[in-house]
Amino acid sequence: MARKKIREYDSKRLLKEHLKRLVHIDLPICSAQVTESTDFTELLEKESWLSQRRLVVKPDMLFGKRGKSGLVALNLDFAGAVEFIKKRLGQEIEIEGCKGPITTFIIEPFIPHKEEYYLAISSERLGFNISFSECGGIEIEENWDKVNSIFLPTKSPLTDEAIAPLIADLPSEIGKKIGNFMKGVFAVFQDLDFSFIEMNPFTLVDGEAYPLDMRGELDENAAFKNEDKWGNLEFPLPFGRVLSPEESFILDLNDKTSASLKFTLLNPKGRIWNMIAGGGASLIYTDTVGDLGCATELGNYTEYGGPSEEEMLKLARVILDCATANPDGRKRSILIGGNIANLTDVGATFDGIIRALKEKKSELKEANIHIYVRRGGPNYLTGLAKMQAVGEELGIPVEVYGPEAVMTGICNRAIEGM
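Parameters and conventions
Residues numbered from 1 in each chain as written. Predicted model: local features only at pLDDT ≥ 70, side-chain atom pairs only at ≥ 80, totals over all residues. Heavy atoms only, no water. Axes fitted to C-alpha atoms, helices over the stretch in contact; angles between N-to-C directions. Helix = DSSP H or I, 4+ residues; strand = E, 2+ residues; numbered from the N terminus. Parallel < 35°, antiparallel > 145°, perpendicular 65-115°, else oblique. Left-handed = near helix turned anticlockwise from the far one by under 90°. Contact = heavy atoms within 4.5 Å. Nonpolar A, V, L, I, M, F, W, Y, C, P; charged D, E, K, R; others polar. Buried < 20%, exposed > 50% of the residue type's maximum accessible area, 1.4 Å probe, protein only. Lys, Arg positive; Asp, Glu negative; His and termini not counted. Salt bridge = Lys/Arg side-chain N within 4 Å of Asp/Glu carboxyl O. Polar contact = N/O pair within 3.5 Å; in protein donor to acceptor, adjacent residues only side chain to side chain. Phe/Tyr/Trp six-rings, centres within 6.5 Å; stacked < 30°, edge-to-face > 60°. Core = buried A, V, L, I, M, F, W, Y, C linked by side-chain atoms within 4.5 Å.

1. Re the packing of helix 10 (residues 346-359) against helix 12 (residues 380-394)
- For the pair helix 10 and helix 12, interaxial distance at closest approach is 8 Å and the crossing angle is 15°. Looking at the two axes, helix 10 sits roughly parallel to helix 12. Here helix 10 and helix 12 pass one another in a crossing that is right-handed. In this structure, helix 10 uses Val-346, Gly-347, Phe-350, Asp-351, Ile-353, Ile-354, Leu-357 and Lys-358 to contact helix 12, whose residues at the interface are Tyr-380, Gly-383, Leu-384, Lys-386, Met-387, Val-390, Glu-393 and Leu-394.
- Within the contact of helix 10 with helix 12, the residues separate by chemical class into ten nonpolar, two polar and four charged.

This is the structure:
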């Protein structure tokens, strides 16, 4: 499961749309998103409630503790909301050690309230954790001992009996309203492949549950079946994270293919670079290098699955360009590895890598690159022989291993002599 955070605006949009569709609960949620490209005149024409109600404004940037950081404005009119946003839009801030500009805000109606409740649902390997507290709000962490939780096994329905321990201390009528709301939220959670939902707080408006603050994460791997349900949805980068040109190039390449191509630049000055097939194997190789005490030397995280020769060539070019930049005479290692493939033609995949290696012959030698290969699967002997041959042709140290070798054994070899 690839858990990806989404903005509060989208979390509430999806909740409102699909609570009504699935369980006929019509949440009176109104919200508007503001970015640097927003025309406030057009926004007011589209969302007329903005001029009719008092408003709340806050950044929608995937970070918490916005109230404690002085980034939430309450009980404003529309002119005041616009002024608040314009003063902060594009302004760089620091949150828990991460720096970045504020690029996105959410505007909502100001809801006077007394009660503040907490609700969270998270997906686990064998089921779901559901947590509730009568003491929600910005002090929830200080009141964590008052949060009650239940575990619901996979495929088990969320019944009134299951919910009963969470709401046992509430008056019966309020407990019934909140219990029905929980069941509705859980239905949306499952139907849209959420992996996490948190409302801190939600309150009651005219006796009905109303989320004041909400966080959501979706299972990105379920996008193929939820395109219509999710609608126009983005998965924004974590706050403070800006893509490098190389990362942007591979992301664009990934969006245009049915293959999986991932590249994250960790340390441009790193001396260990990964070109690993498969998400699971990529994590294992990365963790192994870290466990061997060289996490700070990792230049990148990369995983690929099912690329064509041309796609593999483009990915390999990016990795080799980064790995050979600013040579200092010290050894640098490239790990070309993976598990034992089931369907991928290892020989064909290596053809793309070999073409990139030949293009970068002089850069590889100047950067003192050593290459370590471990792979198995269809046509792997041909692929390994090609890799050995290109090393001899280019005059570059290349060690090759098949499935007889421990998968991550090349990590030790790559670190030796550094």
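2. So, the side chain of Arg-374
- Relative to the elements of secondary structure, Arg-374 occurs in strand 18 (residues 369-374).
- Buried and unpaired, Arg-374 has no salt bridge, with Glu-404 as the nearest side chain of opposite charge at 7.0 Å.
- At 3.0 Å, the side chain of Arg-374 forms a polar contact with the backbone oxygen of Gly-338.
- Here Ala-405 takes part through its backbone oxygen, which lies 3.0 Å from a polar atom of the side chain of Arg-374.

3. Topic: the environment of Asn-129
- Relative to the helices and strands, Asn-129 is located in strand 9 (residues 127-133).
- For the pair Asn-129 and Ser-149, spaced 20 residues apart in sequence, the C-alpha separation works out to 6.8 Å.
- Within the structure, the side chain of Asn-129 is placed 3.3 Å from the side chain of Glu-124, a separation counted as a polar contact.

4. Things to note about the packing of aromatic side chains
- Applying the stated criterion across every chain, the model contains 13 aromatic pairs.
- Where Tyr-118 meets Trp-144, the ring centres are 5.6 Å apart and the plane angle is 75°; that geometry is what we call edge-to-face. Pair noted here: Tyr-118 is in strand 8 (residues 117-124) and Trp-144 is in the loop between strand 9 and strand 10 (148-153), with a separation of 26 residues, a long-range link.
- A relative accessible area of 45% means that Trp-144 is categorised as partly exposed.
- Relative to Phe-202, the ring of Phe-181 lies with its centre 5.5 Å away and its plane at 45°, an arrangement referred to as tilted. Of this pair, Phe-181 sits in helix 5 (residues 172-191) while Phe-202 sits in strand 11 (residues 194-205), placing them 21 residues apart in sequence.
- Judged by relative accessible area, which is 0%, Phe-202 ranks as buried.

5. A closer look at the nonpolar core
- In this structure, Phe-132, Ile-178, Phe-181, Phe-194, Met-199 and Phe-202 are the most contacted members of the largest nonpolar core, which totals 41 residues.
- No other element matches the seven residues that helix 5 contributes to this core.
- With 38 residues, the next largest nonpolar core counts Leu-253, Ile-334, Ile-354 and Ile-369 among its residues.

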